[in-house]
Amino acid sequence: MAEGLDRFLEGRRLSPAQRRIARYLGDHLSEAIFLSSVELAERAGVSQPSVTRFAMVLGFAGYPELRQALRPLVVGGRSPSRSNGLQAAIDAEIDNLRSVREALADPSDLVGLGTALAGCEPLPVLGLRVSSGLATTFAYFARRIHPDVRLLTHGGSELADGLHAARRAGAGWLLAVVLPRYPAEAVRALLAARELGLRVAVITDRQDVPFEADVVLAAPVGERLVFDSHAAPLALAMVLVEAMADAAPLRTQARLEEYERMTEQARVFTEHLG
């Protein structure tokens, strides 16, 4: 049943409310096909209009038509799914990670970008709204091996100042994390960066994004839960840090050894407290 429902959902970009409906259907399809739109909305914890919009997003005139299309998945005697909705979300993330792995069969583009970013001083890293978390994680680890990483996670004039300052200090690249739903301010920042003469590399969810960049590193996001999950983009970001480390091995070794000495002297971690 879950596989049949997946065929209706494939390629659809759902809102958080619509994902709640999809998850309820996936977990309770055998009973959901007998519910009215009002009853489904109540059980899924959404509004009735959200159910109608959900059906229309899937290409149906309304919920009755969607319900009719779903009924054969149940009454046709198909065997039930062996995983629940939460497990299916993790299964989808595993598939996303596999797609990143397959794309790295030829790592030349990523290795080339890692070399370019390793030689870029300073290195500005941009991430707004939901993308700020991944940008912060990337910057945290990149600082261990790179002498000048500048994190830009606030918009407005502070963002503009940060881009100008990085360019004046000699930056040639901007690394940006722009995940769905793509913030308009982040897209404008990419354009402003290119106008300043910066080349732009983007970690995002797909190649055909609605904005321009010199390099696009794509890793799909998980869409099975109410909010996106970012396991694959995180893995891709860490692979890029690895490529930066490999591009400057002597500097990487020196900085990592310095960092280990600092953490031991400052007793930063619990293993240093014994």
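Refer to the preceding data block for the structure.
In this text the structure is predicted, and so the values were computed from the model without any measurement.

Calculation notes
- Numbers given for residues are sequential positions, taken from 1 along each chain in its written order.
- Where local features are concerned, this predicted model is filtered to residues with pLDDT of at least 70; where side-chain atom pairs are given and counted, the filter is 80 or more; whole-chain, interface and lining totals use all residues.
- Values reported for side chains reflect all heavy atoms of the structure, with hydrogen atoms and water molecules removed beforehand.
- Numbering goes from the N terminus for both helices and strands, where a helix is a DSSP run of H or I of at least four residues and a strand is a run of E of at least two.
- By this rule the span expected of a helix is its residue count minus one, scaled by 1.5 Å.
- Working definition: with a 1.4 Å probe on protein chains only, accessible area under 20% of the residue-type maximum means buried, over 50% means exposed, and in between means partly exposed.
- Every patch collects residues that have over 30% relative accessible area and no salt bridge, joining them within 9 Å if they carry like charges and within 5 Å if they are nonpolar side chains (Val, Leu, Ile, Met, Phe, Trp, Tyr).
- Each accessible area is a Shrake-Rupley result for a 1.4 Å probe, and residues are judged covered by the shown protein chains and nothing else.
- Here, a salt bridge means any Lys or Arg side-chain nitrogen found within 4 Å of an Asp or Glu carboxyl oxygen.
- Paired strands are those between which DSSP finds at least two bridges.
- Throughout, an axis means a line fitted to C-alpha atoms (over the contacting stretch in the case of helices), and angles, computed between N-to-C directions, take values from 0 to 180 degrees.
- In this analysis, two residues are considered to be in contact whenever any of their non-hydrogen atoms come within 4.5 Å of each other.
- Remark: nonpolar core denotes a set of buried residues (Ala, Val, Leu, Ile, Met, Phe, Trp, Tyr, Cys) joined through side-chain atoms within 4.5 Å.
- Residues adjacent in sequence count toward polar contacts only when both atoms are side-chain atoms; beyond that, a polar contact is any pair of N or O atoms within 3.5 Å, and within protein one must be able to donate a hydrogen and the other to accept it.
- Place the viewer so that the strands point away; then a crossover is right-handed whenever the path from the first strand over the helix to the second strand goes clockwise.

**Student:** An account of helix α2 (residues 16-32) is needed here, citing residue identities and associated values.
**Tutor:** Residue pairs three or four apart in sequence face the same way in an α-helix, which turns once every 3.6 residues. Its 17 residues give α2 an end-to-end C-alpha distance of only 19 Å, which falls more than 12% under 24 Å, the value for a rise of 1.5 Å per residue. Listed in full, the buried residues belonging to α2 are Q18, R19, I21, A22, Y24, L25, L29 and A32.

**Student:** Please set out a nonpolar patch on the surface residue by residue, giving values where relevant.
**Tutor:** Together, M262, V268 and F269 make up an exposed nonpolar region whose accessible area comes to about 240 Å². In this structure, F269 sits in the segment after α12 (249-266). Given the relative accessible area of 33%, F269 is considered partly exposed.

**Student:** Hey, could you go over the sheet that holds strand β1 (residues 123-127) for me, with residue numbers and the actual values?
**Tutor:** The 5 strands lie next to each other as β2-β1-β3-β4-β5, forming an open sheet whose pairing is parallel. Each edge of the open sheet is held by one strand with a lone partner, namely β2 (149-152) and β5 (215-218). Looking at each pair of strands side by side, their axes are set apart by 20° on average, direction ignored. Bridge count for β1 against β2 is 4 bridges, and the pairing is parallel. Bridging across to β2, L126 finds its partner in L152. Sitting on the sheet, helix α7 (residues 108-118) touches β1, β3 (173-177), β4 (199-204) and β5, and the angle it makes with β3 is about 120°. Packing against the sheet, helix α10 (residues 184-195) makes contact with β1, β3 and β4, and its axis sits at approximately 155° to β4.

**Student:** So what's going on with the nonpolar core? Residues and values would help.
**Tutor:** Taken as a class, soluble globular proteins show a tendency for nonpolar side chains to be buried jointly. Within the largest apolar cluster, 52 residues are counted, with the highest numbers of intra-cluster contacts made by L126, F138, L190 and L240. Per-element accounting of this core gives the leading share, 8 residues, to helix α11 (residues 231-247). Residues in contact with F138, not counting those within four places in the same chain, are V125, L175, A237, L240, V241 and M244. Grouped together as the second largest cluster of nonpolar side chains are 25 residues, Y24, L29, V51 and L73 included.

**Student:** Summarise α10; cite the residues concerned and give the values.
**Tutor:** The end-to-end C-alpha separation of α10 is 17 Å, in line with the 16 Å expected for 12 residues at 1.5 Å each. Contacts from the buried residues of α10 go to β1, α9 (156-168), β3 and β4. Backbone geometry just after α10 places G197 at a positive phi near 100°.

**Student:** Quick rundown of the side chain of D205? Include the residues and the values.
**Tutor:** One can find D205 in the loop between β4 and β5. Engagement of the side chain of D205 in a polar contact is seen with the side chain of Y182, the distance being 2.7 Å. Within the local environment of D205, its side chain forms a polar contact with the side chain of T204, the two groups lying 3.2 Å apart. Among all residues touching D205, those that are not within four sequence positions of it are L179, P180, Y182, A218, A219, P220 and V221.

**Student:** An account of the pairing of β4 is needed here, citing residue identities and associated values.
**Tutor:** When you tally the buried positions in β4, you get 5 out of 6 residues, the bulk of the element. In this sheet, β4 lies alongside β3 in parallel orientation, the contact comprising 5 bridges. Within the sheet, the bridge partner assigned to L174 lies in β4 and is V200. A crossover connection joins β3 to the parallel β4 through α10; in handedness this β-α-β unit is right-handed. Of the strand pairs in this sheet, β4 and β5 are connected by 4 bridges, and their pairing is parallel. Residue pairing in the sheet places V202 in a bridge with V216 of β5.

**Student:** Talk me through the pattern of salt bridges; I want residue IDs and the actual numbers.
**Tutor:** Considering all chains together, one arrives at 12 salt bridges under this definition. Put simply, R13 and E223 hold a salt bridge, and the shortest N to O gap is 2.7 Å. Highlighted residues: R13 in the loop between α1 (2-9) and α2 and E223 in the loop between β5 and α11, separated in sequence by 210 residues. We classify R13 as partly exposed; its relative accessible area is 37%. Residue E223 is classed as partly exposed on the basis of its relative accessible area of 31%. One salt bridge connects E212 with R194, and the closest N-O pair in it is separated by 2.9 Å. Highlighted residues: E212 in the loop between β4 and β5 and R194 in helix α10, separated in sequence by 18 residues. What makes E212 exposed here is its relative accessible area of 58%. Put simply, R13, R19, E223 and D228 are held in one network by salt bridges that share partners.

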